[in-house]
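What the coordinates show
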There are 2 protein chains.
Amino acid sequence: MRDLLTRAGLRATQQRMLILGGLLALRDHPTAEQVHRQVAAKAPTLSLGTVYKALDSFVVAGLVKRVAVADGAARRYDADCSPHHHLFCTATQEILDYRDPQLDQLIQEFLAARGFENFQPHSFSLHIIGEKIIRSA
Amino acid sequence: MRDLLTRAGLRATQQRMLILGGLLALRDHPTAEQVHRQVAAKAPTLSLGTVYKALDSFVVAGLVKRVAVADGAARRYDADCSPHHHLFCTATQEILDYRDPQLDQLIQEFLAARGFENFQPHSFSLHIIGEKIIRSA
DNA sequence: CTCGCTGCAAACGTTTTGCAACCCC
DNA sequence: GGGGTTGCAAAACGTTTGCAGCGAG
């Protein structure tokens, strides 16, 4: 735990080691609140605010990722219900549409061929993270 | 506008027509707040609460979709930074990991071959929406 | 005429902030 | 010892809810 943190350039405090350990222990994709509960047993005084701050620095350091979910607060809507994918620009925070029937078909065929043991997919969407290119010239 | 609403089985009120029109006019993927601002010029008394309720019913009716984003409130974290995809269960709200190097390669090759005009991708993640199958037998 | 929708405002849950005390480096 | 981190509490933020009055069907 200590190594993971120091290697990421973060100060290895008691709290951060517990929080990172708690996050790793939770195999689901927990919220800050769930991580806090997980850790509360070992460190009753560790505050929820600290969990938020720690998770934030983990994300910045690249130790941890945020999972994109469609529920929760700060929702965004899309009036276009035809199948399409999204390009997320890390620079401008823009979300651009990307439509590509060939890609749809490719993925669909792959998933159909592969099959899942205990999951019945009915749709999918590819999130492509990157940066918009500003062409000069 | 009226047709779209009635065909979706919704009551075509003044406010809903304006809200749906505003959402369609915004080509980005706006938040409820942004839709409200867009509509405010035409209908200053239209309240933000109404926008929320209208957008909700649009989503239920299938007229509009929610876009999954990693920022905003109700965040979820993932300590696993290795490339993997997510299965979203509509029944249990669970988020299951799905790891498939072959799929990764397939998509990566496709994107590389296709290329983008003004976007430099650096990672991607497939969101597969469906339902967990409870096997009885 | 009825039932669903609107507007308002208050409530809610989650995340962020400010600041003094603390402790890792 | 110094500067990043913690804990606490307050504030901010986006969203939801309750309810009286309104209006589409």
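For the structure itself, look to the data block above.
Cut-offs and rules
- Residues numbered from 1 in each chain as written.
- Chains lettered and ligands numbered in written order.
- Predicted model: local features only at pLDDT ≥ 70, side-chain atom pairs only at ≥ 80, totals over all residues.
- Heavy atoms only, no water.
- Helix = DSSP H or I, 4+ residues; strand = E, 2+ residues; numbered from the N terminus.
- Rg over C-alpha atoms; globule rule 2.2 N^0.38 Å.
- Buried < 20%, exposed > 50% of the residue type's maximum accessible area, 1.4 Å probe, protein only.
- Contact = heavy atoms within 4.5 Å.
- Areas by Shrake-Rupley, 256 points an atom, 1.4 Å probe, with all protein chains shown as cover.
- Lys, Arg positive; Asp, Glu negative; His and termini not counted.
- Charge placed at Lys NZ, Arg CZ, Asp CG, Glu CD.
- Buried area = accessible area lost by both parts, 1.4 Å probe.
- Salt bridge = Lys/Arg side-chain N within 4 Å of Asp/Glu carboxyl O.
- Polar contact = N/O pair within 3.5 Å; in protein donor to acceptor, adjacent residues only side chain to side chain.
- Nonpolar A, V, L, I, M, F, W, Y, C, P; charged D, E, K, R; others polar.
- Pairing = 2+ DSSP bridges.
- Axes fitted to C-alpha atoms, helices over the stretch in contact; angles between N-to-C directions.
- Least-squares fit on C-alpha atoms with pLDDT ≥ 70 in both.
- Expected span 1.5 Å × (residues − 1).
- Patch = residues over 30% accessible without salt bridge, like charges linked within 9 Å, V, L, I, M, F, W, Y side chains within 5 Å.
- Phe/Tyr/Trp six-rings, centres within 6.5 Å; stacked < 30°, edge-to-face > 60°.
- Parallel < 35°, antiparallel > 145°, perpendicular 65-115°, else oblique.

Turning to the overall build of chain A, a few remarks are in order. From N to C terminus, chain A includes 5 helices and 5 strands. Along the chain direction, N to C, the helices and strands of chain A fall in the order α-α-α-α-β-β-β-β-α-β. By the compact-globule yardstick of 14 Å for 137 residues, chain A is too spread out, its C-alpha radius of gyration being 19 Å. Per-residue burial for chain A yields a buried fraction of 38% across its 137 residues. A fraction of 43% describes how many contacts in chain A between residues 6 or more apart in sequence connect residues 24 or more apart. Summing over all exposed atoms, chain A offers an accessible surface of approximately 7,800 Å²; the carbon and sulfur share of this is 52%. Within chain A, the 14 negative side-chain charges are centred at a point lying 12 Å from the centre of the 16 positive side-chain charges.

Further remarks concern the interface of chain B and chain A. Opposite the 64 residues of chain B that make contact, chain A presents 64 residues. Across the chain B/chain A interface, buried area totals approximately 6,400 Å², and carbon plus sulfur atoms make up 62% of it. Counting across the chain B and chain A interface gives 2 salt bridges. A salt bridge links A:D100 to B:R114, with the shortest nitrogen-to-oxygen separation between them at 3.2 Å. Applying the counting rule to chain B against chain A returns 28 residue pairs in polar contact (both at pLDDT 80 or more). Elements with a contribution of two residues or more to the side of chain B that touches chain A: α2 (14-25), α4 (48-61), β1 (65-67), β2 (76-78), β3 (85-89), β4 (95-98), α5 (101-114) and β5 (119-132) of chain B. The leading source of residues in the side of chain B that touches chain A is β5(B), at 14 residues. Tallied by class, the residues present in the side of chain B that touches chain A amount to 36 nonpolar, 14 polar and 14 charged.

Taking strand neighbours across the sheet as the criterion, the 6 strands line up as β4(A)-β3(A)-β5(A)-β5(B)-β3(B)-β4(B) in an open arrangement whose pairing is mixed. Only two strands of the sheet have a single partner each, and these edge strands are β4 (95-98) of chain A together with β4 of chain B. Across this sheet, the average inter-strand angle for adjacent strands is 30 degrees, counted without regard to direction. Inspection of the sheet shows strand β3 (residues 85-89) of chain A paired to β4(A) by 4 bridges, in the antiparallel sense. Each residue of the ladder has a partner; that of A:H86, found in β4(A), is A:D97. With respect to the sheet, helix α5 (residues 101-114) of chain A is in contact with β3, β4 and β5 (119-132) of chain A together with β4 and β5 of chain B, its orientation differing from that of β5(A) by roughly 135 degrees.

Two chain copies here: they are related by a rotation about an axis and a translation along the same axis. Between the two copies, chain B and chain A, the superposition gives an RMSD of 0.3 Å; the rotation angle is 179 degrees and the shift along the axis is 0.0 Å. The transformation just described matches what one would write down for a two-fold rotation axis. Interface overlap between copies is the fraction of interface residues in one copy that are interface residues in the other; for chain B against chain A it reaches 100%, indicating a shared surface.

On to helix α2 (residues 14-25) of chain A, then. A rise of 1.5 Å per residue sets the reference length of α2(A), with its 12 residues, at 16 Å; its end C-alpha atoms lie 16 Å apart and thus fit the reference within 8%. Of the residues making up α2(A), those classed as buried are A:M17, A:I19, A:L20, A:G22 and A:L23.

One face of the sheet, then the other: side chains in a regular strand alternate in exactly this way. Relative to β5(B), β5(A) runs antiparallel, the two sharing 13 bridges. Paired with A:E131 across the two strands is B:Q120, which belongs to β5(B). Across 4 bridges, the pairing between β3(B) and β5(B) is parallel. Looking at the pairing, B:L87 lines up with B:I128 of β5(B).

All names here are of chain A. A grouping of M1, L4 and L24 is seen on the molecular surface, where their side chains present a nonpolar patch of about 250 Å² in accessible area. In this fold, L4 is placed in helix α1 (residues 2-7). When its relative accessible area of 36% is taken as the criterion, L4 is described as partly exposed.

For the coordinates displayed, the defined rule picks out 4 aromatic pairs over all chains. Pairing A:F116 with A:F119 gives two aromatic rings, centres 6.1 Å apart and planes at 75 degrees, and the pair type is edge-to-face. For the pair A:F116 and A:F119, one class covers both residues: buried. Measuring from centroid to centroid gives 4.9 Å for A:F116 and B:Y98, while their planes differ by 65 degrees, and the two rings are edge-to-face. Of this pair, A:F116 sits in the loop between α5 and β5 while B:Y98 sits in strand β4, on two different chains. Just as A:F116 is buried, B:Y98 falls in that class too.

Here the focus is the packing of α2(B) against helix α3 (residues 32-40) of chain B. Residues and elements named next belong to chain B. With their axes 9 Å apart at the nearest point, α2 and α3 run at an angle of 110 degrees to one another. When the axis of α2 is compared with that of α3, the two are roughly perpendicular. In this structure, α2 contributes L18, I19, G22, L23 and A25 to the contact, and α3 contributes V35, Q38 and V39. Residue composition of the contact of α2 with α3, grouped by class: 6 nonpolar, 2 polar and no charged.

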